[in-house]
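Below, each chain spelled out in residue letters.
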Amino acid sequence: MKLLKIAATGLVFAATSASAQTEITWWHAMGGQLGETVNQIAEDFNASQSDYKITPVFKGSYEETLTAGIAAFRAGEQPNIMQVFDAGAATVIGAKGAVIPVQDLLAANDVAFDINDYIPGVRYFYADADGKMIGMPFNSSTPILYYNEDALAKAGVTAPKTWEEFASTTGPALKEAGYIPLSQSHLPWIFTENFHSRHDLPFASNNNGYDGADTEILVNNDAIKAHFSALKDWKDQGLFEWYGTGWGDNAKPFEEGKVAMWLGSSGSFGGLVQKVDFPFSATMLPYWEGVTAEPKQTFIGGAALFAMSGKSDEENKATAEFFSFLTSPEVQYGWHKETGYVPITEAAYEVAKEDGHYNEFPAAEVGIQQLSLPAGDNTKGYRMGFYVQIRDVMNREYGRILTGETDVETAFANIEAESNKLLERFAKTQN
Amino acid sequence: MADLTQTQIAQPTPSRLRFKWNTIFDHLILIAGSLLMLMPLVYAFITASYDPVTIHREGLALTFGDELGSNFEKALFEKGGFTKTVDGMVMLKNSFILGIGFAVGKIIISMMAAYAIVYFRLRFATFAFWIIFTTLLLPLEVRILPSYEAIQRLGMANTYSGLIVPLIASATGTFFFRQFFRAVPEELVEAARIDGAGPVKFFIDILVPLSRTMIAAIFIIMFVFGWNQYLWPTLITTDESLFTLVRGIKQIVLTYSDAAIPEHGQALALAIVAMLPPVLIVIFFQSWFVKGLTESDK
Amino acid sequence: MKRAGFTNPWLPILLLVPQLSIIVVFFYWPAAWAIQSSFYLQDPFGFGSTFVGAENYTDIAQSIEYRKVAWFTVYFTAIVTFLSLSIALLLAVKADNVLRGAKTYRTLLMWVYAIAPPVAGFLGIMFFDQSHGPLTRFFGFFGWDFKLGVDYFDTATAMIIVAVWKQIPVNFIFFLSGLQSIPRSVREAALIDNNSGFRRFWDVTFPLLAPTAFFLLIINITYAMFDTFGIIDTMMKGEPGANPMTLVYKVYLDGFRGNDLGGSSAQSVVLMVLVLVLTIFQFRLIERRIHYT
């Protein structure tokens with residue numbers, strides 16, 4: 001029945017496409033001004049040629065978009081392109097047959113593709129175990145440290161390179177100068193996932209989960225436990241403050257000038273320019289010298305575009321053309337400039353440099369530089385199922401650590417146990 | 001009456017004094033209550049007069065800024081979305097269709113069902129009764145994915161009926177009408193039968209006019225319920241021309257981790273716009289509403 | 001059923017068909033779907049699945065966090081129900097007492113009824129904003145360092161305040177109409193018998209209001225358990241973290257947000273059973289009431 005329906009719609013499209021444009025749809029989760037930028041990109045694509053027409057549809061939050069896409073897929077009504085966020089990647093990639101790997105899609109439609117054209121930290125996050133790119137990175141960002149230049153000047157310090165430096169020098173000096181030295185906006189992303197990447201520590205078994213579904217999380221390790229113990233100490237000493245799990249709640253005190261340094265996303269840059277009235281800049285995510293002497297690259301957060309399967313060849317061709325348009329240096333640079341998300345290709349990065357974008361806004365380059373640092377064995381990303389819930393577990397336990405409801409040992413034991421239970425359950429969904 | 005005068009004569013002064021104090025006390029409580037209930041709305045309205053950056057930095061305000069007109073204008077008339085056809089007015093229209101369609105659909109369907117259950121000798125009446133009333137409390141959130149699949153299979157995605165029909169599934173309306181019909185005097189049916197009126201005539205000529213206030217009360221409750229839906233319209237519509245107001249508000253509010261500053265002034269303006277129609281309906285029909293509830297409750 | 005009912009054989013069936021068919025398609029079929037998938041762990045796209053028997057249920061039963069959520073739901077429901085009923089009753093009694101301005105008060109108190117839950121939650125976020133929320137400042141004035149989204153207790157308090165605020169008008173309207181349907185003669189007799197307003201209320205008015213109160217009790221319990229979803233969802237700001245949540249929100253988190261169909265279906269089934277018990281309880285109460293009135 002379902003198949004018949006898909007076949008029927010395919011036929012209808014095949015019949016009409018001879019005379020008319022091929023129309024494709026793109027479900028995304030970009031609200032507000034980002035949504036406007038998405039619409040602009042789609043309009044530009046439609047204006048750039050006359051064979052294809054793309055229609056973007058805002059489907060709510062990341063989670064709502066993914067679930068709407070899944071429900072639609074089950075009913076044979078899926079869009080051509082679906083935006084899926086980092087934590088949902090395992091669900092989509094795990095469901096073999098739900099999506100066409102972007103690399104295959106491009107190859108089948110004669111669009112040149114070389115994974116090495118992409119910025120190192122972007123390349124493998126949405127790839128499979130063999131390094132084949134499955135989802136096309138779209139709004140990509142990485143955690144960096146923003147700082148209030150006035151605050152640092154007043155305290156007579158520079159932005160810390162390492163956490164040791166923060167604990168001994170930067171933090172106390174900023175506190176002395178009347179600031180709350182530090183806040184951050186996403187504990188699982190910044191202080192867990194990218195913590196492991198930055199220090200080149202394994203985050204999960206099976207090559208961070210890329211090699212199979214029977215994965216176990218390796219989060220209960222000494223380095224990260226020491227980090228969270230330090231974080232709790234800093235909070236007690238007034239060197240760090242936590243304003244809840246919400247992103248904006250932690251960014252706001254920085255924007256208001258109460259907090260001197262804030263760990264956020266490289267994609268926050270565009271908004272900060274509008275929101276703050278003090279000079280600010282950014283630097284790379286600090287690391288523990290005691291853990292590694294050679295800090296590695298971080299990987300990307302944000303979301304990727306997946307080409308859904310079950311569509312006609314004409315439509316897939318249109319999707320491939322759109323991806324080709326989207327990854328062109330000009331579009332990428334425009335997106336980067338407009339939103340603060342990193343450009344995903346080296347070529348786009350070059351265009352941005354030539355245009356003098358970073359002379360004007362040096363902080364806008366930090367994310368790309370950090371993504372281009374040397375890679376290690378554990379820096380390409382992670383692939384874990386039910387990861388949305390795993391992040392929820394982390395957020396819950398981290399919140400309890402920071403409000404003093406639990407201690408670091410218990411919290412990490414809980415995270416490990418509950419995450420592994422979730423992973424075990426997820427593995428059973430994949431048979 | 002005589003007793004009353006006697007007591008008043010017995011202790012005239014304290015009683016009257018206390019009476020007055022009581023009244024003042026009553027008014028004080030009511031004023032305090034009204035203030036507490038309405039303050040948030042006053043705040044929302046005034047804050048809707050600021051630009052997003054000010055709201056982002058300073059939060060709610062109690063003195064007017066100068067963006068009130070432009071925020072409302074943008075909220076109502078600025079064409080948004082990809083097709084550049086969606087503005088507040090379109091969303092307003094869709095919310096009306098959803099609210100009215102849902103309320104009217106529900107009233108018709110549930111009146112028919114309640115009529116069948118209360119007024120007919122039916123062998124499987126108890127069975128039908130339980131089939132309907134077990135659905136009384138199960139919310140849509142819990143059965144949303146399969147409902148979506150059903151709508152897709154029926155080809156009703158992106159249609160007004162797809163928006164409305166699944167929401168009608170719960171039996172609240174049937175429940176209210178059942179209670180009401182049971183309280184209608186038996187003599188009416190008997191009289192109608194003596195006059196030779198059949199069930200259809202009885203229903204249309206007697207029962208429906210008799211239920212006027214009840215219908216009004218249920219219409220208001222259901223209209224507000226339909227009007228305020230968020231999750232279902234978000235899931236079921238991909239066509240921008242079908243977006244509702246509550247969805248529009250959520251789309252603006254949703255930008256928590258967004259790089260850009262959320263347009264909270266516009267969201268508040270839209271929230272006020274979204275609030276007005278149901279409030280006006282409630283206030284306009286309030287006497288019917290209250291009467292309907294009173295009668296249903298016997 | 002009416003004693004003097006009609007005996008037409010096919011008309012009632014015709015009348016029931018629309019309601020029954022909608023219910024079968026959008027209630028029974030989804031419910032059956034939920035029961036079936038609660039015994040599986042399946043890939044949401046529908047490619048892989050494993051029959052796991054009662055594992056989804058035993059996982060719920062063993063989960064400490066699920067128990068915490070269940071307990072919070074109980075507390076939250078009890079407090080929201082109690083507060084919104086008692087405040088509304090107080091206001092309704094006062095509005096019924098005063099002769100002048102009763103209609104004005106009624107109009108003023110009805111406004112909030114029409115607010116969409118997500119909008120109520122959005123206003124809640126702004127009122128309890130950590131740096132400049134008016135209510136945060138208000139609590140700060142009394143030395144309460146109110147932290148929405150950080151402190152579990154504070155977040156729960158904020159959710160309860162918003163949920164109660166939103167529900168007061170409905171209860172107020174029902175109570176007021178209940179009060180106004182008490183016949184004049186009864187009130188006057190009560191006035192003669194007893195001079196104290198408070199005693200008069202408990203001895204005469206409240207028993208007459210009891211049917212309304214019972215009915216509202218059920219309405220409020222379901223409101224607190226289910227319809228507060230939009231408020232809680234908005235006040236979480238997209239991240240549940242260590243914040244308090246209700247059972248229906250947990251179903252949404254695991255199923256809708258996390259795509260764990262088996263686990264969330266099992267939770268749905270648990271909720272359905274709970275709701276069924278509540279419905280049966282409600283009908284027994286109402287049927288009894290019908291008998292003695």
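Residues numbered from 1 in each chain as written. Chains lettered and ligands numbered in written order. Predicted model: local features only at pLDDT ≥ 70, side-chain atom pairs only at ≥ 80, totals over all residues.

In terms of helices and strands, chain C carries 12 helices and two strands. Counted from the first residue to the last, chain C has its helices and strands arranged as α-β-β-α-α-α-α-α-α-α-α-α-α-α. Buried residues in chain C amount to 50% of all 293 residues. (Helix = DSSP H or I, 4+ residues; strand = E, 2+ residues; numbered from the N terminus. Buried ≥ 20, exposed ≤ 12 C-beta atoms within 10 Å, placed from the backbone.)

It is worth spelling out the overall build of chain A at this point. When its secondary structure is counted, chain A shows 20 helices and 10 strands. Counting across all 431 residues of chain A, residues that qualify as buried make up 58%. Long-range pairs, those at least 24 residues apart, make up 76% of the contacts in chain A with a sequence separation of at least 6. (Contact = placed C-beta atoms within 7 Å.)

Before going further, it helps to spend a moment on the packing of helix 5 (residues 88-119) of chain B against helix 12 (residues 212-227) of chain B. Residue and element names in this part refer to chain B. At their nearest, the axes of helix 5 and helix 12 sit 8 Å apart, and the two run at 140° to each other. Compared by their axis directions, helix 5 and helix 12 come out oblique. The way helix 5 lies across helix 12 gives a crossing that is right-handed. Residues S95, L98, G99, I100, F102, A103, K106 and I107 of helix 5 pack against I215, I218, F219, M222, F223, G226 and W227 of helix 12. (Axes fitted to C-alpha atoms, helices over the stretch in contact; angles between N-to-C directions. Parallel < 35°, antiparallel > 145°, perpendicular 65-115°, else oblique. Left-handed = near helix turned anticlockwise from the far one by under 90°.)

Looking now at the nonpolar core. Formed by 302 residues in total, the largest nonpolar core has its most connected members in Y115(B), I220(B), I249(B) and A274(B). It is helix 5 of chain B that provides the largest number of residues to this core, a total of 16 residues. For Y115(B), the residues in contact, after removing those within four places along its chain, are F181(B), F203(B), L207(B) and L15(C). (Core = buried A, V, L, I, M, F, W, Y, C linked by C-beta atoms within 7 Å.)

Our focus in this paragraph is the interface of chain B and chain A. Taken together, the contacts link 25 residues of chain B with 30 residues of chain A. When residues of the side of chain B that touches chain A are assigned to their parent elements, the largest contribution, five residues, is made by helix 7 (residues 144-153) of chain B. Taken together, the residues that form the side of chain B that touches chain A break down as 13 nonpolar, seven polar and five charged. (Nonpolar A, V, L, I, M, F, W, Y, C, P; charged D, E, K, R; others polar.)

Turning our attention to helix 2 (residues 32-48) of chain A. The end-to-end C-alpha distance of helix 2 of chain A is 25 Å, a good match for the 24 Å that 17 residues give at a rise of 1.5 Å each. Within the sequence span of helix 2 of chain A, burial applies to G32(A), Q33(A), L34(A), G35(A), V38(A), N39(A), I41(A), A42(A) and F45(A). Buried-residue contacts for helix 2 of chain A involve strand 1 (22-28), strand 2 (52-58), helix 14 (313-326) and helix 15 (329-339) of chain A together with helix 14 (245-253) of chain B. (Expected span 1.5 Å × (residues − 1).)

Residue and element names in this part refer to chain B. With their axes 11 Å apart at the nearest point, helix 9 (residues 172-183) and helix 12 run at an angle of 160° to one another. Here helix 12 runs roughly antiparallel to helix 9, going by the angle between their axes. Where helix 9 crosses over helix 12, the handedness of that crossing is right-handed. For the pair helix 9 and helix 12, contact is made by G173, F176 and F180 and by M214, I218 and M222, respectively. Among the residues making up the contact of helix 9 with helix 12, the classes are represented as five nonpolar, one polar and no charged.

With that settled, the discussion passes to the interface of chain B and chain C. Of the residues lining the interface, 79 residues belong to chain B; the matching set on chain C comes to 87 residues. No other element matches the 14 residues that helix 2 (residues 12-47) of chain B contributes to the side of chain B that touches chain C. The class makeup of the residues in the side of chain B that touches chain C is 54 nonpolar, 14 polar and 11 charged.

So, on to the sheet that holds strand 8 (residues 259-265) of chain A. Residue and element names in this part refer to chain A. Ordered in space as 7-8-6-9, the four strands form an open sheet in which the pairing is mixed. Edge positions in the open sheet fall to strand 7 (180-184) and strand 9 (280-283), since each of these has one partner strand only. Taking each pair of neighbouring strands and ignoring which way they run, the sheet shows an average axis angle of 25°. (Pairing = 2+ DSSP bridges.)

Position of F386(A) among the secondary structure elements: in the loop between helix 18 (366-371) and helix 19 (387-402). Taking the C-beta count within 10 Å as the criterion, F386(A) has 26 such neighbours and is therefore assigned buried. Spatially, the C-alpha atom of F386(A) lies 41 Å from that of F278(A), the residues being 108 residues apart in sequence. Other than its neighbours up to four places away in sequence, F386(A) contacts L422(A), L423(A), R425(A), F426(A), G258(C) and D260(C).

All names here are of chain B. Mapped onto the elements of the fold, A114 is located in helix 5. On the basis of neighbour counts, which here come to 27 C-beta atoms within 10 Å, the residue A114 falls in the buried class. Separated by 41 residues in sequence, A114 and E73 place their C-alpha atoms 45 Å apart. Apart from residues no more than four positions distant in its own chain, A114 is found in contact with T174, F177, R178 and F181.

All names here are of chain A. Positioned with a positive phi, D110 is a non-glycine residue whose angle comes to about 60°. With respect to the helices, strands and loops of the structure, D110 is situated in the loop between helix 5 (102-108) and helix 6 (120-123). The exposure class assigned to D110 is exposed, which follows from the 9 C-beta atoms found within 10 Å. You will see that F386, though not glycine, has its phi angle at about 50°, which is positive.

Here we come to the pairing of strand 6 (residues 143-148) of chain A. Residues and elements named next belong to chain A. For strand 6, the buried fraction is high: six of the six residues fall into the buried class. Side chains P143, L145 and Y147 of strand 6 all project onto a buried face; the interleaved residues I144, Y146 and N148 project onto the opposite face, where all are buried too. Summarising the sheet, strand 6 and strand 8 pair through five bridges and their orientation is antiparallel. Bridge pairing in strand 8 places Y146 opposite W262. In the sheet, strand 6 pairs with strand 9 via four bridges, with the strands oriented antiparallel. Paired with N148 across the bridge in strand 9 is F280.

Residues and elements named next belong to chain A. Counting buried positions along strand 5 (residues 136-141) gives six out of six residues, so the element sits mostly inside the fold. Here strand 5 pairs with strand 10 (residues 301-308) via four bridges, running antiparallel. Bridge pairing links P137 to A304 in strand 10.

Here the focus is the confidence of the model for chain C. Per-residue confidence for chain C gives a mean pLDDT of 86; residues scoring 70 or more make up 94%. Interface predicted TM-score (ipTM) for the complex: 0.87; the corresponding pTM is 0.88. (pLDDT = per-residue confidence, 0-100.)

Residues and elements named next belong to chain A. Segmentation of chain A into domains returns domain 1 (2-140 + 300-363) and domain 2 (143-298 + 385-429). Look at where the C-alpha atoms of domain 1 and domain 2 centre, and you get two points 29 Å apart. Looking at the side of domain 1 that touches domain 2 element by element, the count peaks at three residues for helix 4 (residues 89-94). (Domains from an automatic or database assignment.)

Bringing the confidence of the model for chain A into the picture now. In the predicted model, chain A carries a mean pLDDT of 91, and 96% of its residues have values of at least 70. A low-confidence stretch, residues 1-18 of chain A (pLDDT under 50), is modelled with 12 contacts involving residues beyond four sequence positions or located in other chains.

This paragraph deals with the environment of I151(B). Residues and elements named next belong to chain B. Following the sequence through the fold, I151 ends up in helix 7. Look at I151 and you get buried, because 25 C-beta atoms sit within 10 Å. For the pair formed by I151 and F82, sequence separation is 69 residues and the distance between their alpha carbons is 25 Å. Residues in contact with I151, not counting those within four places in the same chain, are M156, A157, G162, P166 and I236.

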